[in-house]
Amino acid sequence: MYSILFDEEIISRNHDAQLIRDVTASVTESVTADVTAAERENGVRILIDTYKRLSGSQADAAEAVVAEYGYKTSEAEAAVKKYWDKE
């Protein structure tokens, strides 16, 4: 009798511990993705602003965004349009 209850308690604890590990990993992954996306967007903004301040062209800034951040050309052009006149 005690052996069965003890085994069920161990199984329950192991399950709870695994559930906590899974949730923690999921939350960490989600937060990391959000921070990484925000940092990436900030980097793109800074790159575009640098091209503008150094009298570079919008086309050159878009090419740099493609080269540095792997954006598609249309995404880079949209980012340049978004940030060029903000500063």
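Above: the structure in question.
Worth saying up front: this structure is predicted, and the values here are computed from it rather than measured.

A.B. asks: Report on helix H3 (residues 73–84), specifying residues and quantitative values.
C.D. replies: Between its terminal C-alpha atoms H3 stretches 16 Å, which fits the 16 Å expected from 12 residues at 1.5 Å a residue. For H3, the set of buried residues is Ala76, Ala79, Val80, Tyr83 and Trp84. Considered in projection along H3, the buried side chains sweep an arc of 115° and stay on one side of the axis. For H3, the exposed residues set more than 90 degrees away from the buried face come down to Ser74 and Lys81.

A.B. asks: I'd like a rundown of the nonpolar core, residues and numbers included.
C.D. replies: Val44, Ile48, Val65, Tyr71 and Val80 are the most contacted members of the largest nonpolar core, which totals 13 residues. The set of elements that each furnish at least two residues to this core consists of helix H1 (2–53), helix H2 (58–69) and H3. Residue contributions to this core peak at five residues, all from H3. With sequence-adjacent residues up to four places away left out, Tyr71 is seen in contact with Arg40, Glu41, Val44, Val65, Val66, Ala76 and Ala79.

The rules behind these values
Residues numbered from 1 in each chain as written. Predicted model: local features only at pLDDT ≥ 70, side-chain atom pairs only at ≥ 80, totals over all residues. Heavy atoms only, no water. Helix = DSSP H or I, 4+ residues; strand = E, 2+ residues; numbered from the N terminus. Expected span 1.5 Å × (residues − 1). Buried < 20%, exposed > 50% of the residue type's maximum accessible area, 1.4 Å probe, protein only. Arc of directions from axis to C-beta. Core = buried A, V, L, I, M, F, W, Y, C linked by side-chain atoms within 4.5 Å. Contact = heavy atoms within 4.5 Å.

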